[in-house]
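Residue-level structural notes
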Amino acid sequence: KQWYQRRVAITAGNLSAKYNELGWRRRLQSLQSIDEGFQKILQNIDSKNTTIIFTSDNGFYFGEWGMVLDKRQPYEVTIRVPMFASGPNFPKGSSPDTVVLNIDIAPTAIDVAKKSGVTRPKPGLSDQSYGLQFDGTSMLSLLETPNSRNSFLIEYHGMGDGLESNNSCAHLNMRCWYKSNKVWYTEPKFDIPDDEKFCFCVDSKNNTFTCERRVNNKNPRAGDSGDFTNFLYCAFSSGFNEYYDLHKDPFQMKNMWETLPEDQKLELRSRIGRIRECRGFQECNQLEQSGFGDGETMRF
(Lines give C-alpha, C1' and ligand atoms only; values in the text may rest on other atoms or scores of the structure.)
Protein backbone atom coordinates (compact mmCIF):
# COMPACT_ATOMS: atom_id res chain seq x y z
CA LYS A 1 0.00 0.00 0.00
CA GLN A 2 1.05 3.59 -0.46
CA TRP A 3 2.69 5.57 2.37
CA TYR A 4 -0.52 7.33 3.48
CA GLN A 5 -2.32 4.06 4.15
CA ARG A 6 0.66 2.53 5.90
CA ARG A 7 0.93 5.57 8.18
CA VAL A 8 -2.77 5.52 9.10
CA ALA A 9 -2.65 1.77 9.79
CA ILE A 10 0.40 2.17 12.05
CA THR A 11 -1.01 5.09 14.06
CA ALA A 12 -4.52 3.63 14.44
CA GLY A 13 -5.11 2.11 17.87
CA ASN A 14 -7.86 0.74 20.08
CA LEU A 15 -9.82 4.01 20.01
CA SER A 16 -9.96 4.03 16.22
CA ALA A 17 -11.16 0.41 16.22
CA LYS A 18 -13.97 1.39 18.61
CA TYR A 19 -14.76 4.36 16.37
CA ASN A 20 -15.00 2.05 13.32
CA GLU A 21 -17.34 -0.34 15.11
CA LEU A 22 -19.62 2.43 16.34
CA GLY A 23 -19.64 4.09 12.93
CA TRP A 24 -20.80 0.81 11.41
CA ARG A 25 -23.66 0.56 13.94
CA ARG A 26 -24.75 4.15 13.38
CA ARG A 27 -24.88 3.68 9.61
CA LEU A 28 -27.04 0.59 9.97
CA GLN A 29 -29.37 2.58 12.19
CA SER A 30 -29.57 5.44 9.67
CA LEU A 31 -30.52 2.94 6.96
CA GLN A 32 -33.69 2.15 8.90
CA SER A 33 -34.99 5.67 8.26
CA ILE A 34 -34.01 5.37 4.59
CA ASP A 35 -35.97 2.12 4.31
CA GLU A 36 -39.01 3.75 5.91
CA GLY A 37 -38.79 6.85 3.71
CA PHE A 38 -38.31 4.83 0.53
CA GLN A 39 -41.31 2.68 1.40
CA LYS A 40 -43.46 5.79 1.74
CA ILE A 41 -42.29 7.02 -1.67
CA LEU A 42 -43.21 3.70 -3.29
CA GLN A 43 -46.67 3.84 -1.69
CA ASN A 44 -47.39 7.24 -3.21
CA ILE A 45 -46.30 6.88 -6.84
CA ASP A 46 -47.71 5.27 -9.94
CA SER A 47 -45.30 2.35 -10.22
CA LYS A 48 -46.51 1.53 -13.74
CA ASN A 49 -45.51 4.95 -15.00
CA THR A 50 -42.45 5.76 -12.87
CA THR A 51 -38.81 4.82 -13.24
CA ILE A 52 -36.79 4.56 -10.03
CA ILE A 53 -33.00 4.36 -9.78
CA PHE A 54 -31.66 3.59 -6.33
CA THR A 55 -27.92 3.88 -5.69
CA SER A 56 -25.24 5.47 -3.49
CA ASP A 57 -22.26 7.73 -4.10
CA ASN A 58 -19.57 5.46 -2.63
CA GLY A 59 -18.83 2.62 -0.25
CA PHE A 60 -16.90 2.75 3.02
CA TYR A 61 -14.15 0.83 4.71
CA PHE A 62 -14.53 0.03 8.40
CA GLY A 63 -11.08 -1.13 9.42
CA GLU A 64 -9.96 -2.99 6.30
CA TRP A 65 -6.14 -2.76 5.94
CA GLY A 66 -6.08 -1.04 9.36
CA MET A 67 -7.81 2.05 7.95
CA VAL A 68 -10.09 4.31 9.98
CA LEU A 69 -13.67 4.68 8.73
CA ASP A 70 -13.66 6.56 5.41
CA LYS A 71 -13.91 6.14 1.64
CA ARG A 72 -10.98 7.73 -0.26
CA GLN A 73 -9.27 4.63 -1.67
CA PRO A 74 -9.84 2.84 -4.99
CA TYR A 75 -10.62 -0.62 -3.60
CA GLU A 76 -13.68 -2.82 -3.98
CA VAL A 77 -15.30 -1.85 -0.66
CA THR A 78 -15.37 1.82 -1.68
CA ILE A 79 -16.01 1.73 -5.44
CA ARG A 80 -18.82 -0.85 -5.37
CA VAL A 81 -22.28 0.54 -4.62
CA PRO A 82 -25.85 -0.78 -4.94
CA MET A 83 -27.60 0.01 -8.22
CA PHE A 84 -31.27 -0.91 -8.56
CA ALA A 85 -33.59 0.22 -11.34
CA SER A 86 -37.33 -0.28 -11.62
CA GLY A 87 -39.86 0.89 -14.15
CA PRO A 88 -41.89 0.03 -17.24
CA ASN A 89 -38.77 -0.49 -19.37
CA PHE A 90 -36.87 -2.72 -16.95
CA PRO A 91 -37.56 -6.48 -16.84
CA LYS A 92 -38.88 -7.49 -13.45
CA GLY A 93 -36.64 -9.62 -11.25
CA SER A 94 -33.61 -9.57 -13.54
CA SER A 95 -30.05 -9.35 -12.17
CA PRO A 96 -27.78 -8.94 -15.19
CA ASP A 97 -24.09 -9.61 -14.68
CA THR A 98 -22.88 -6.40 -16.26
CA VAL A 99 -20.85 -3.39 -15.18
CA VAL A 100 -23.06 -0.35 -14.48
CA LEU A 101 -21.57 3.01 -13.42
CA ASN A 102 -22.91 6.27 -12.05
CA ILE A 103 -22.08 7.90 -15.41
CA ASP A 104 -24.90 5.73 -16.85
CA ILE A 105 -27.64 7.44 -14.85
CA ALA A 106 -28.04 10.56 -17.02
CA PRO A 107 -28.15 8.67 -20.37
CA THR A 108 -30.59 6.21 -18.80
CA ALA A 109 -32.94 9.04 -17.79
CA ILE A 110 -32.86 10.45 -21.33
CA ASP A 111 -33.40 7.00 -22.87
CA VAL A 112 -36.39 6.35 -20.60
CA ALA A 113 -37.83 9.78 -21.49
CA LYS A 114 -37.51 9.04 -25.20
CA LYS A 115 -39.15 5.64 -24.81
CA SER A 116 -41.97 7.35 -22.90
CA GLY A 117 -42.65 9.68 -25.80
CA VAL A 118 -40.72 12.75 -24.68
CA THR A 119 -38.95 13.95 -27.80
CA ARG A 120 -37.23 16.99 -26.28
CA PRO A 121 -36.48 18.04 -22.68
CA LYS A 122 -37.99 21.49 -23.25
CA PRO A 123 -39.46 23.54 -26.14
CA GLY A 124 -36.90 25.07 -28.44
CA LEU A 125 -34.10 22.59 -27.70
CA SER A 126 -32.79 21.03 -30.89
CA ASP A 127 -32.66 17.30 -31.52
CA GLN A 128 -28.90 17.66 -31.76
CA SER A 129 -28.76 19.06 -28.23
CA TYR A 130 -30.96 16.21 -27.05
CA GLY A 131 -28.36 13.76 -28.35
CA LEU A 132 -25.80 14.80 -25.75
CA GLN A 133 -22.52 12.93 -25.70
CA PHE A 134 -21.97 10.95 -22.50
CA ASP A 135 -19.08 8.81 -21.34
CA GLY A 136 -21.72 6.48 -19.94
CA THR A 137 -24.59 4.73 -21.68
CA SER A 138 -28.19 3.80 -20.96
CA MET A 139 -28.74 0.88 -18.60
CA LEU A 140 -31.39 -0.33 -21.04
CA SER A 141 -28.74 -0.79 -23.73
CA LEU A 142 -26.56 -2.65 -21.22
CA LEU A 143 -29.46 -5.03 -20.62
CA GLU A 144 -29.56 -5.76 -24.34
CA THR A 145 -25.80 -6.27 -24.59
CA PRO A 146 -24.65 -7.25 -21.08
CA ASN A 147 -21.01 -7.83 -22.07
CA SER A 148 -20.55 -4.43 -23.69
CA ARG A 149 -18.36 -3.07 -20.85
CA ASN A 150 -15.58 -4.80 -18.96
CA SER A 151 -13.33 -1.91 -17.91
CA PHE A 152 -13.73 1.56 -16.45
CA LEU A 153 -11.81 4.55 -15.10
CA ILE A 154 -11.50 5.54 -11.42
CA GLU A 155 -10.18 8.97 -10.47
CA TYR A 156 -9.70 10.86 -7.22
CA HIS A 157 -7.93 14.09 -6.26
CA GLY A 158 -6.50 13.99 -2.72
CA MET A 159 -7.04 16.78 -0.20
CA GLY A 160 -4.81 18.12 2.52
CA ASP A 161 -2.40 20.96 3.17
CA GLY A 162 -1.96 20.85 6.94
CA LEU A 163 -3.84 24.12 7.39
CA GLU A 164 -7.17 22.41 8.01
CA SER A 165 -5.72 20.35 10.84
CA ASN A 166 -5.61 21.31 14.49
CA ASN A 167 -2.97 21.27 17.24
CA SER A 168 -0.42 18.44 17.26
CA CYS A 169 -2.58 16.40 14.91
CA ALA A 170 -1.53 18.63 11.99
CA HIS A 171 0.63 17.08 9.30
CA LEU A 172 1.90 18.87 6.20
CA ASN A 173 -0.01 17.96 3.03
CA MET A 174 -2.45 15.80 5.02
CA ARG A 175 -5.99 16.35 6.22
CA CYS A 176 -6.12 15.43 9.91
CA TRP A 177 -8.12 16.23 13.02
CA TYR A 178 -8.79 14.76 16.45
CA LYS A 179 -11.70 12.44 17.19
CA SER A 180 -13.04 12.69 20.75
CA ASN A 181 -16.29 11.92 22.56
CA LYS A 182 -17.77 15.04 20.90
CA VAL A 183 -17.80 13.44 17.44
CA TRP A 184 -21.47 12.35 17.76
CA TYR A 185 -24.09 14.11 19.90
CA THR A 186 -26.85 11.51 19.48
CA GLU A 187 -27.06 7.93 20.74
CA PRO A 188 -25.11 5.74 20.45
CA LYS A 189 -22.29 8.15 21.32
CA PHE A 190 -18.52 7.65 21.15
CA ASP A 191 -18.35 6.85 24.85
CA ILE A 192 -14.74 7.53 25.85
CA PRO A 193 -13.29 9.69 28.68
CA ASP A 194 -13.05 13.45 28.10
CA ASP A 195 -9.26 13.37 28.12
CA GLU A 196 -8.98 10.67 25.42
CA LYS A 197 -8.84 11.22 21.67
CA PHE A 198 -7.04 9.96 18.60
CA CYS A 199 -5.58 11.70 15.55
CA PHE A 200 -7.58 10.89 12.43
CA CYS A 201 -5.82 11.55 9.11
CA VAL A 202 -8.48 11.14 6.48
CA ASP A 203 -6.57 12.12 3.35
CA SER A 204 -3.31 13.41 1.86
CA LYS A 205 -2.59 15.72 -1.04
CA ASN A 206 -0.77 13.05 -3.05
CA ASN A 207 -3.51 10.50 -2.39
CA THR A 208 -4.43 11.45 -5.96
CA PHE A 209 -4.86 8.53 -8.31
CA THR A 210 -6.05 7.35 -11.70
CA CYS A 211 -7.02 3.68 -12.00
CA GLU A 212 -8.31 1.15 -14.44
CA ARG A 213 -10.61 -1.52 -13.03
CA ARG A 214 -10.97 -4.39 -15.47
CA VAL A 215 -13.77 -6.79 -14.53
CA ASN A 216 -14.20 -10.44 -15.34
CA ASN A 217 -16.07 -12.47 -12.73
CA LYS A 218 -16.62 -15.54 -14.91
CA ASN A 219 -13.17 -16.61 -16.08
CA PRO A 220 -11.08 -18.02 -13.23
CA ARG A 221 -7.33 -17.79 -13.16
CA ALA A 222 -5.75 -20.44 -15.37
CA GLY A 223 -3.00 -22.23 -13.46
CA ASP A 224 -0.17 -20.27 -11.91
CA SER A 225 0.28 -17.78 -14.74
CA GLY A 226 -3.26 -16.46 -15.13
CA ASP A 227 -4.38 -13.58 -17.30
CA PHE A 228 -5.06 -9.87 -17.11
CA THR A 229 -8.86 -9.93 -17.20
CA ASN A 230 -9.81 -9.07 -13.62
CA PHE A 231 -7.52 -6.48 -12.07
CA LEU A 232 -7.11 -3.05 -10.52
CA TYR A 233 -4.21 -0.87 -11.64
CA CYS A 234 -3.65 2.54 -10.03
CA ALA A 235 -1.10 5.27 -10.74
CA PHE A 236 -0.68 7.82 -7.91
CA SER A 237 0.54 11.38 -8.35
CA SER A 238 3.44 10.53 -6.02
CA GLY A 239 4.75 8.03 -8.59
CA PHE A 240 3.53 5.04 -6.56
CA ASN A 241 1.77 2.22 -8.47
CA GLU A 242 -0.58 -0.54 -7.36
CA TYR A 243 -1.67 -3.67 -9.21
CA TYR A 244 -4.02 -6.31 -7.79
CA ASP A 245 -5.10 -9.52 -9.48
CA LEU A 246 -8.71 -9.91 -8.28
CA HIS A 247 -8.86 -13.56 -9.35
CA LYS A 248 -5.96 -14.44 -7.08
CA ASP A 249 -6.28 -11.69 -4.46
CA PRO A 250 -9.96 -10.65 -4.09
CA PHE A 251 -9.30 -8.72 -0.87
CA GLN A 252 -6.48 -6.69 -2.46
CA MET A 253 -3.89 -7.53 0.14
CA LYS A 254 -0.76 -7.95 -2.01
CA ASN A 255 0.43 -5.27 -4.41
CA MET A 256 1.91 -7.17 -7.39
CA TRP A 257 3.26 -4.14 -9.27
CA GLU A 258 6.93 -4.85 -8.68
CA THR A 259 6.56 -8.43 -9.97
CA LEU A 260 5.30 -7.37 -13.40
CA PRO A 261 7.67 -7.31 -16.40
CA GLU A 262 8.58 -3.83 -17.64
CA ASP A 263 6.75 -4.19 -20.98
CA GLN A 264 3.51 -4.98 -19.14
CA LYS A 265 4.00 -2.01 -16.81
CA LEU A 266 4.39 0.21 -19.87
CA GLU A 267 1.21 -1.22 -21.39
CA LEU A 268 -0.79 -0.57 -18.21
CA ARG A 269 0.50 3.01 -17.99
CA SER A 270 -0.25 3.61 -21.66
CA ARG A 271 -3.79 2.21 -21.40
CA ILE A 272 -4.69 4.33 -18.41
CA GLY A 273 -3.46 7.46 -20.18
CA ARG A 274 -5.59 6.72 -23.25
CA ILE A 275 -8.68 5.85 -21.19
CA ARG A 276 -8.33 9.09 -19.25
CA GLU A 277 -8.31 11.17 -22.44
CA CYS A 278 -11.13 9.44 -24.36
CA ARG A 279 -14.48 11.19 -24.88
CA GLY A 280 -17.93 9.64 -25.32
CA PHE A 281 -19.15 6.10 -24.68
CA GLN A 282 -18.35 4.73 -28.12
CA GLU A 283 -14.73 5.91 -28.10
CA CYS A 284 -14.09 5.07 -24.44
CA ASN A 285 -15.78 1.69 -24.55
CA GLN A 286 -13.94 0.63 -27.68
CA LEU A 287 -10.68 1.47 -25.95
CA GLU A 288 -11.65 -0.14 -22.64
CA GLN A 289 -12.87 -3.29 -24.38
CA SER A 290 -9.56 -3.75 -26.17
CA GLY A 291 -7.27 -6.34 -24.64
CA PHE A 292 -3.57 -6.25 -24.07
CA GLY A 293 -1.62 -6.79 -27.26
CA ASP A 294 -4.80 -6.47 -29.36
CA GLY A 295 -6.86 -8.91 -27.40
CA GLU A 296 -4.12 -11.40 -26.60
CA THR A 297 -3.79 -12.68 -23.07
CA MET A 298 -1.23 -10.81 -21.01
CA ARG A 299 0.71 -13.10 -18.69
CA PHE A 300 3.24 -12.79 -15.90
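My aim in this report is to walk through the structure given alongside it, one point at a time. (Residues numbered from 1 in each chain as written. Predicted model: local features only at pLDDT ≥ 70, side-chain atom pairs only at ≥ 80, totals over all residues. Heavy atoms only, no water.)

Some thoughts on the packing of aromatic side chains
Tallying each qualifying case throughout the model produces 20 aromatic pairs. Connected via pairs of aromatic rings, a cluster forms that spans Tyr19, Trp177, Trp184, Phe190, Phe198 and Phe200. The aromatic ring of Phe60 is capped on one face by Arg27, whose charged end is 4.6 Å from the ring centroid. Over the aromatic face of Tyr178 sits the side chain of Lys197, whose NZ or CZ is 4.1 Å from the ring centroid. (Phe/Tyr/Trp six-rings, centres within 6.5 Å; stacked < 30°, edge-to-face > 60°. Lys NZ or Arg CZ within 6 Å of the ring centre and 35° of its normal.)

Here's the deal with the nonpolar core
Ranked by internal contacts, the top residues of the largest apolar core, which has 32 residues, are Tyr19, Phe190 and Leu232. For this core, the secondary structure elements donating two or more residues are α1 (3–11), α2 (14–43), β3 (151–156), β4 (174–179), β5 (198–204), β6 (209–214) and β7 (231–236). Here this core gets four residues from one element, more than from any other, and that element is β5. Excluding its chain neighbours within four sequence positions, the residues that come into contact with Phe190 are Leu15, Lys18, Tyr19, Leu22, Ser180, Asn181, Val183, Trp184 and Phe198. In terms of nonpolar packing, the next biggest core, distinct from the first, is built from eight residues, Tyr243, Met256, Trp257 and Ile272 among them. (Core = buried A, V, L, I, M, F, W, Y, C linked by side-chain atoms within 4.5 Å. Buried < 20%, exposed > 50% of the residue type's maximum accessible area, 1.4 Å probe, protein only. Helix = DSSP H or I, 4+ residues; strand = E, 2+ residues; numbered from the N terminus. Contact = heavy atoms within 4.5 Å.)

Quick word on unusual backbone geometry
Excluding glycine, residues mostly carry a negative phi; peptide bonds, for their part, are mostly trans. In the segment running from Glu187 into Pro188, the intervening peptide bond is cis, with an omega of -5°. Tracing the sequence through the fold places Pro188 in the loop between β4 and β5. Look at Trp65: it is not a glycine, yet its phi comes out positive at around 60°. Position of Trp65 among the secondary structure elements: in the loop between β1 (52–55) and α3 (76–79). Although it is not a glycine, Gln252 adopts a positive phi angle of roughly 55°. Inspection of the secondary structure puts Gln252 in the loop between β8 (241–245) and α7 (262–277). For Gln252, a relative accessible area of 1% corresponds to the buried category.

Quick look at α7
Under the 1.5 Å per step criterion, the end-to-end length of α7 is 23 Å for 16 residues, consistent within 8% with the ideal 22 Å. Turning to α7, its buried residues number three or more, namely Gln264, Lys265, Leu268, Arg271, Ile272 and Ile275. End-on, the buried residues of α7 take up no more than an arc of 125°, which puts them together on one face. Exposed side of α7, more than 90 degrees from the buried face: Glu262, Asp263, Leu266 and Glu277 are the residues found there. Here the buried face of α7 lies against β3, β6, β7, β8 and α8 (281–289). (Expected span 1.5 Å × (residues − 1). Arc of directions from axis to C-beta.)

Describing the sheet that holds β8
Spatial strand order, β3-β6-β7-β8: four strands in an open sheet with antiparallel pairing. Single-partner strands in this sheet number two, and they are β3 and β8. Each adjacent strand pair in this sheet contributes to an overall mean axis angle of 10°, direction not counted. Relative to β7, β6 runs antiparallel, the two being bridged by six bridges. Paired with Cys211 across the two strands is Cys234, which belongs to β7. Where α7 meets the sheet, it contacts β3, β6, β7 and β8, and its direction lies at approximately 100° from that of β6. (Pairing = 2+ DSSP bridges. Axes fitted to C-alpha atoms, helices over the stretch in contact; angles between N-to-C directions.)

Side note on the pattern of salt bridges
Tallied over the entire structure, the rule returns 10 salt bridges. Between Asp104 and Arg149 there is a salt bridge; the shortest N-O distance is 2.8 Å. Here the residue Asp104 occupies a position in the loop between β2 (83–86) and α4 (105–115), and Arg149 occupies one in the loop between α6 (139–144) and β3, the gap between them amounting to 45 residues. In this structure Asp104 comes out as buried when scored by relative accessible area, which is 0%. A salt bridge links Lys115 to Asp111; the shortest N-O distance between them is 2.8 Å. Of this pair, Lys115 and Asp111 both sit in helix α4, separated by four residues, roughly a single helical turn. Given the relative accessible area of 47%, Lys115 is considered partly exposed. Salt bridges sharing partners connect three or more residues here, namely Asp70, Arg72 and Asp203. (Salt bridge = Lys/Arg side-chain N within 4 Å of Asp/Glu carboxyl O.)

Section: the pairing of β7
Along β7, five of the six residues are buried, which leaves the element largely enclosed by surrounding structure. In the sheet, β7 pairs with β8 via five bridges, with the strands oriented antiparallel. Looking at the pairing, Tyr233 lines up with Tyr243 of β8.

Examining α8
For α8, the full list of buried residues reads Cys284, Asn285, Leu287 and Glu288. Each buried residue of α8 sits inside an arc of 160° when the element is viewed along its axis, so together they form one side. Away from the buried face of α8 by more than 90 degrees, exposed residues Gln282 and Gln286 are located. Tucked into the core, α8 has its buried residues touching β3, β6 and α7.

So, to be careful, I would describe these as geometric facts and stop short of saying anything about function.
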